[in-house]
Amino acid sequence: MLQDKIKQFTAEIKGFTPASVVDVENFRLKFLVAKGIVKALFEEFKTVSAEEKRTLGKILNEFKQLAEQTYSHAQEQFADTEKKTQREEGDLTLPGEGFQLGSRHPLSLVRKEIVEIFKKLGFIVTEGPEIEDDWHNFSALNFPPEHPARDMQDTFFVEKKDGNDIALRTHTSSVQVRLMEMGKPPFRAIMPGRVYRNEAISARAHCFFHQVEGLYVDENVSFADLKQTLFHFVQELYGKDTKVRFRPSYFPFTEPSAEMDISCTICKGAGCQLCKQSGWVEILGCGMVDPNVLENCGIDSKIYSGFAFGMGIERITNLKYEIRDLRLFSENDVRFLSQFETELV
Ligand code: PHE
């Protein structure tokens, strides 16, 4: 009887081919635990005759070893595959690893803000080439031939061509010319973009920077429209308590021309280092488009008038975030850039 059972279970164990760890565990539960088959057969062994014990003792011990070895081999086999799948798929139960978010460049943030404000007033965004010809950058804009901006010391020339030199644009006013040449008034557009000037790099000057210029041309556009538009703009950008003032100035392409100051964003007008104790900081140039410029672009200056303005995005950004060194904008120092992470929009 006992011998038959041993034979039967030996056959079962030899045919054991586990498909998973569950099978291995079931094997252990069936054969190797305190109430399992191996123990049961040893119990039964105690009841057989002394003669049988002599032959069966050896067989039973071999059976026990077979059960234990089969179990430990099966365990090893699955321990291996488990490790492998862990390696291939990773441990799906572990918490995820956080990844570092990038951030927008402060100049992009501020440009976007400026664009949004003017978009709400009906201005569209237009762009033009950074490599520009003399006509669009200077001549159409009423720059006299001997104007200092046409000097190598102020402008990066790419190619000297008789009468129509090619240069890196010094302002995005060139885009205004391109826009006016292309169509008919009314025009209501802003021109964001990078511009270049031949300056030594320092905390306060750089050989390239960014501008947003704007143009509005229609019938009956007045200086009052200019003032109200720009007043609205700074109130949106810097808050309702921001004051403005206009000072007469000169640009070849506008007449009259002005520079606009706002009450200092740091000291609110009380006087500080940034505003040199004056309470005011300059933020943009503006004026009524010179009739010559309109005519140069094929627009009848007796019917149409317009205003234009231009600001440096760096300057606007410096005032907003109190940044003191222009070089920070182009050095790509993550310690600087990551401070704008929370401003991701
Ligand atoms: N183009 C001028 C500059 O680069 C800014 C400006 C634009 C001034 C339009 C008046 C009108 O400084």
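These figures come from a predicted structure and were not determined experimentally.

S.K.: Which parts of the structure should I look at to understand the sheet that holds strand β5 (residues 187-196)?
M.R.: Strand pairing in a sheet relies on backbone hydrogen bonds, with the paired strands running either antiparallel or parallel. Pairing is mixed in the open sheet, where 7 strands are placed in the order β1-β5-β6-β10-β9-β8-β7. The strands lining the two open edges of the sheet, one partner per strand, are β1 (124-125) and β7 (244-251). Here 10 bridges tie β5 to strand β6 (residues 208-219), and the two strands are oriented antiparallel to one another. The residue of β6 that forms the bridge with phenylalanine 187 is valine 217. Taken strand by strand, helix α5 (residues 106-120) contacts β1, β5, β6 and β10 (304-312), and its axis lies near 165 degrees from that of β5. Along the sheet face, helix α10 (residues 313-321) touches β6, β8 (254-263), β9 (280-289) and β10 and points at about 55 degrees away from the line of β10.

S.K.: Is there a simple way to explain the site of the ligand in this structure?
M.R.: Taken together, 13 residues are adjacent to the ligand, and His171, Ser173, Arg197, Gln211 and Glu213 come closest. Between the ligand and histidine 171, the relevant distance is 3.1 Å, taken from a nitrogen atom to a side-chain nitrogen or oxygen of the residue. In the environment of the ligand, an oxygen atom lies 2.9 Å from a nitrogen or oxygen atom belonging to the side chain of arginine 197. Protein chains bury 90% of the 330 Å² of accessible surface belonging to the ligand in isolation. Listed by contribution, the elements that provide at least two residues to the shell around the ligand are β6, β9 and β10. Considering only residue class, the shell around the ligand consists of 5 nonpolar, 6 polar and 2 charged.

S.K.: I would appreciate a short explanation of the packing of α5 against helix α8 (residues 223-238) in the present structure.
M.R.: What describes two packed helices is the angle between their axes and the distance between those same axes. Direction vectors running N to C along α5 and α8 enclose 130 degrees, while the axes themselves pass 10 Å from each other. With respect to each other, α5 and α8 are oriented oblique. Viewed along their axes, α5 and α8 form a crossing whose handedness is right-handed. Contacts from Glu113, Ile114, Ile117 and Phe118 in α5 reach Thr229, Leu230, His232, Phe233, Glu236 and Leu237 in α8. The class makeup of the residues in the contact of α5 with α8 is 6 nonpolar, 2 polar and 2 charged.

S.K.: It is not clear to me how the UniProt feature "binding site: Mg(2+)" (unreviewed entry) in the chain should be interpreted in this structure. Could you clarify?
M.R.: When the UniProt feature table is mapped to this numbering, "binding site: Mg(2+)" (unreviewed entry) covers Glu255. Relative to the elements of secondary structure, glutamate 255 occurs in strand β8. Using a relative accessible area of 48% as the deciding quantity, one classes glutamate 255 as partly exposed. Not counting residues up to four positions away in its chain, the partners in contact with glutamate 255 are Met288 and Asp290.

S.K.: Sorry if this is basic, but what is going on with the domain arrangement of the chain here?
M.R.: Size of an interface: often given as the accessible area lost when the parts come together. Each assigned domain of the chain is listed here: domain 1 (2-87) and domain 2 (106-343). Computed from C-alpha atoms alone, the centre-to-centre distance between domain 1 and domain 2 is 87 Å.

S.K.: It is not clear to me how the nonpolar core should be interpreted in this structure. Could you clarify?
M.R.: Note that soluble globular proteins tend to have their nonpolar side chains buried in a common cluster. Within the largest apolar cluster, 42 residues are counted, with the highest numbers of intra-cluster contacts made by Phe118, Phe309 and Met311. For this core, the elements supplying multiple residues, two or more each, are α5, β6, α8, β8, β9, β10, α10 and α12 (334-337). Looking at which element gives the most residues to this core, the answer is α5, with 7 residues. In contact with phenylalanine 309, other than residues within four places in its own chain, are Phe118, Phe123, Gln176, Ile190, Val212, Glu213, Gly214, Leu230, Leu284, Gly285 and Cys286. In this structure, Val177, Phe187, Phe253 and Val289 belong to the second largest nonpolar core, which totals 22 residues.

S.K.: I would appreciate a short explanation of helix α7 (residues 173-182) in the present structure.
M.R.: Count 3.6 residues to each turn of an α-helix, and residues three or four apart come out pointing the same way. Where burial is concerned, most of α7 is hidden: 7 out of the 10 residues are buried. Those residues of α7 lying buried are Ser173, Ser174, Val175, Gln176, Val177, Leu179 and Met180. Considering only its buried residues, α7 is in contact with β2 (131-133), α6 (134-137), β5, β6, α9 (291-296) and β10.

Reading guide: rules and limits
- Throughout this description, residue numbers start from 1 for each chain and increase along the sequence as written.
- In keeping with the model being predicted, local features are shown solely for residues with a pLDDT of at least 70 and side-chain atom pairs are shown and tallied solely at 80 or more, while totals for entire chains, interfaces and linings include all residues.
- With hydrogens and water set aside, each side-chain value is computed from the structure's full complement of heavy atoms.
- One requirement defines pairing of two strands: DSSP has to find at least two bridges between them.
- Numbered from the N terminus, helices here are DSSP runs of H or I no shorter than four residues, and strands are runs of E no shorter than two.
- Note on contacts: a residue pair qualifies if any of its non-hydrogen atoms lie within 4.5 Å across the two residues.
- Note on definitions: angles span 0 to 180 degrees between N-to-C directions of axes, and those axes are lines fitted to C-alpha atoms, for helices only across the stretch in contact.
- We define proximity as follows: a residue is near a molecule or strand when any one of its heavy atoms falls within 4 Å of that partner.
- Pairs of N or O atoms are called polar contacts if they sit within 3.5 Å, as long as, within protein, a hydrogen donor faces a hydrogen acceptor (for residues adjacent in sequence, only side-chain-to-side-chain pairs).
- Method for areas: the Shrake-Rupley scheme with a 1.4 Å probe, in which residue coverage is limited to the protein chains shown.
- Any residue outside Ala, Val, Leu, Ile, Met, Phe, Trp, Tyr, Cys, Pro, Asp, Glu, Lys and Arg is labelled polar, Gly included; the first ten of those are nonpolar and the last four are charged.
- In what follows, roughly perpendicular refers to angles from 65 to 115 degrees, roughly parallel to angles under 35, roughly antiparallel to angles over 145, and oblique to any angle outside these ranges.
- Less than a right angle of anticlockwise turn of the near helix away from the far helix marks a crossing as left-handed, whereas a clockwise turn marks it as right-handed.
- UniProt positions are given in the numbering used here, feature names are shortened, and annotations may be inferred rather than shown by experiment.
- We call a residue buried when its accessible area falls under 20% of the maximum for its residue type, exposed when it is over 50%, and partly exposed in between, using a 1.4 Å probe and counting protein chains only.
- A domain assignment, automatic or from a database, supplies the domain bounds used here.
- Joining through side-chain atoms within 4.5 Å is the link that ties buried Ala, Val, Leu, Ile, Met, Phe, Trp, Tyr and Cys residues into a set, and such a set is a nonpolar core.

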